[in-house]
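These are the residues of each chain, in order.
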Amino acid sequence: MKSLQRHLPRITFILLALSLAALATRGLEDTTRMLIVGSLAMFACAWSSAIHLLGGRAALHFVLIAVTLGWGAEELGSQYGWFFGDYTYTDVLGPTVGSVPFVIPLMWFVLTYIAYVLANLMVWQTPVDGATPLGQTLTQSFLAAMIVTAYDLGADPYLVFKLKAWVMHKPDGWWFGETLQGFVGWMFVSFTIVFLFRLSLRRRPPVAAATVSRIHTLVPLAIYGGNMVFQACLGVPVETRTIALFAMGIPLLTALFGWSRWQMPALAAVPAVPAVPATPAAATRLTVVAREA
C-alpha cells in the first residue's frame, strides 16, 4: 500500500496525460497523434518527478511559470516575429491556443525542468540546490538555458525540415537554413523561465517528498537522453546527428556522474571496526585512520 501511495502522483499524471491525448488526437494524422501523446507523457513524467524532488507547491510554480512564459513567447514569436524570428505553425503539432500548438508550452516546462536538474547535478552533484544567492541563481539559470539550447540545435532542423511543424519565413539562415536568432530566443526564454523559478524559491524553499528514489531523479535524465539518442540516430539534416551526440551527450554524461556522487552518501557503509582493539598497535592504527577520516 505504501508503495502504491508513493507512486500514485506519477501514475495519476500519466493516466491523465494519456486520457487527454486520446481526446486531443481524435481524427488527427498518425504523426500528429504520436507527437501529442509523446509530449503529454513527457510532461506528466516531468511534473511527477518535480513533485517528488521539489514538493507539490514548488513544482506547480515551475509549471505555471514555464507554461505561461513559454506560451507568451511563442505567441509573440508566431504573431510578430519576436525572440525566434518570423515563423508560422502548421497543423502538424495539433490543436492550438491562439496561434501556438498547446503541446509547445508544456514542452517548455519539460525542457526547462530537465535543464534545471541537469545543471544542478553537473555543478553541485545534487538535483535540487534550493534557494541560492543571486550570483549562483544567475549562473545556474544561464547553464540551464545552454542545456535547453543544446537540445534545440538538432530538434529545430528536424521539426522544420522533416516534420514541417512550422514554416520559417526566412529560410536562408546560417544554421541549416535557420537563423541564429532562433537560438538566441531559446537562450533568452529558457534563462528567464529558470531564473524566475529560482527566484521564487528564495521566498518559498522547495520541500521534497519524504521519500525520493533514484527513479525520480533519473526521469529528467532519461527524457533528455532519449531525445539525444533519437536525434543522433534520426536527425535531419544528417549533420545534426553528430552535433546532438556531443552537444547533448556532454551535459548528460556530466550530470550522470553528478547523480552517482549524489547517491553515494546514502549508499556508503560505515566501515566495521572492532569495538576493542586486540593489541596496542591495532589501537594506534585505528586512531590514525579515524583522524584521517
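Residues numbered from 1 in each chain as written. Predicted model: local features only at pLDDT ≥ 70, side-chain atom pairs only at ≥ 80, totals over all residues. Heavy atoms only, no water.

Going by the annotation in an unreviewed UniProt entry, the name recorded for the protein chain is Carotenoid biosynthesis protein, with Massilia haematophila given as the source organism.

### Topic: the overall build of the protein chain
Short version of the rule: Secondary structure follows DSSP: runs of H or I at least 4 residues long count as helices, runs of E at least 2 residues long count as strands, and numbering of each begins at the N terminus. Burial classes: relative accessible area under 20% of the type maximum marks a residue as buried, over 50% as exposed, and values in between as partly exposed (1.4 Å probe, protein chains only). When checking whether two residues touch, look at their non-hydrogen atoms; a contact exists if any pair is within 4.5 Å. Surface exposure here means Shrake-Rupley accessible area, sampled with a 1.4 Å probe, where a residue is shielded only by the protein chains that are shown.
The number of helices and strands found in the protein chain is 9 helices and 4 strands. From first element to last, N terminus to C terminus, the protein chain shows the α and β order α-α-α-β-β-β-α-α-β-α-α-α-α. Residues counted as buried form 46% of the 293 residues belonging to the protein chain. A sequence separation of at least 24 residues applies to 73% of the contacts in the protein chain between residues at least 6 apart. As displayed, the protein chain has an accessible area near 15000 Å², and 70% of this comes from carbon and sulfur atoms.

### Section: unusual backbone geometry
Of the consecutive residues Val236 and Pro237, the connecting peptide bond is found in the cis state with omega at -5°. Along the chain, Pro237 turns up in the loop between α7 (214–234) and α8 (239–267). Positive phi is not limited to glycine here, since Phe83 has a value of about 65°. Along the polypeptide, Phe83 turns up in the loop between α3 (56–80) and β1 (87–89).

### A few points about the UniProt feature "transmembrane region" (unreviewed entry) in the protein chain
Going by this rule: UniProt positions are given in the numbering used here, feature names are shortened, and annotations may be inferred rather than shown by experiment.
In the numbering adopted here, UniProt assigns the feature "transmembrane region" (unreviewed entry) to residues 34–55, 62–82, 102–122, 134–154, 174–197, 218–237 and 243–259. Across residues 134–154 one finds 100% helix and 0% strand; the C-alpha atoms that close the span lie 32 Å apart. Between the end C-alpha atoms of residues 243–259 there is a gap of 24 Å, over a span that is 100% helix and 0% strand.

### Quick look at the environment of Trp82
Structurally, Trp82 can be placed in the loop between α3 and β1. In sequence terms Trp82 and Gly182 are 100 residues apart; their C-alpha atoms lie 9.3 Å from each other.

### Things to note about the packing of helix α2 (residues 30–54) against helix α4 (residues 103–124)
The relative placement of two packed helices is expressed as an angle between their axes plus a distance between the axes. Condition: Axis definition: a line fitted to C-alpha atoms, over the contacting stretch in the case of helices. Angles run 0 to 180 degrees between N-to-C directions. Each angle gets one of four labels, with under 35 degrees taken as roughly parallel, over 145 as roughly antiparallel, 65 to 115 as roughly perpendicular, and the rest as oblique. Crossing handedness: left-handed means the near helix sits turned counterclockwise from the far one by under a right angle, and right-handed means the same turn made clockwise. Each residue gets one of three labels, nonpolar for Ala, Val, Leu, Ile, Met, Phe, Trp, Tyr, Cys and Pro, charged for Asp, Glu, Lys and Arg, and polar for the others, Gly among them.
One can describe the packing of α2 onto α4 by two numbers: an axis separation of 9 Å at closest approach and a directional angle of 40°. By the angle class used here, α2 and α4 are oblique. Helix-helix and strand crossings are classified by hand; for α2 and α4 the assignment is left-handed. For the pair formed by α2 and α4, the contact residues are Ile36, Ser39, Leu40, Met42, Phe43, Ala46, Trp47, Ser49, Ala50, Leu53 and Leu54 on the first element and Val103, Leu106, Met107, Phe109, Val110, Tyr113 and Tyr116 on the second. Of the residues in the contact of α2 with α4, the class split is 16 nonpolar, 2 polar and no charged.

### A few points about the side chain of Ser49
The condition is simple: A 3.5 Å cut-off defines polar contacts: any pair of N or O atoms within that distance qualifies, except that in protein one atom must be a possible hydrogen donor and the other a possible acceptor, and neighbouring residues in sequence count only when both atoms are side-chain atoms.
Note on placement: Ser49 falls in helix α2. Take Ser49: its relative accessible area is 3%, and that puts it in the buried class. Of the polar contacts made by the side chain of Ser49, one reaches the side chain of Tyr113; its length is 2.7 Å. Engagement of the side chain of Ser49 in a polar contact is seen with the backbone oxygen of His216, the distance being 2.5 Å. If we skip the residues at most four places from it in the chain, Ser49 touches Tyr113, His216, Val219 and Pro220.

### Points about the nonpolar core
For clarity, the cut-off: The set of buried Ala, Val, Leu, Ile, Met, Phe, Trp, Tyr and Cys residues whose side-chain atoms join them within 4.5 Å is what this entry labels a nonpolar core.
Membership of the largest hydrophobic core comes to 66 residues, with the highest contact counts inside it found for Leu54, Phe62, Phe109, Tyr113, Tyr116 and Tyr224. Looking at which element gives the most residues to this core, the answer is α4, with 16 residues. Contacts of Tyr113, omitting those with residues within four sequence positions, involve Ala46, Ser49, Ala50, Leu53, Leu54, Phe62 and Pro220.

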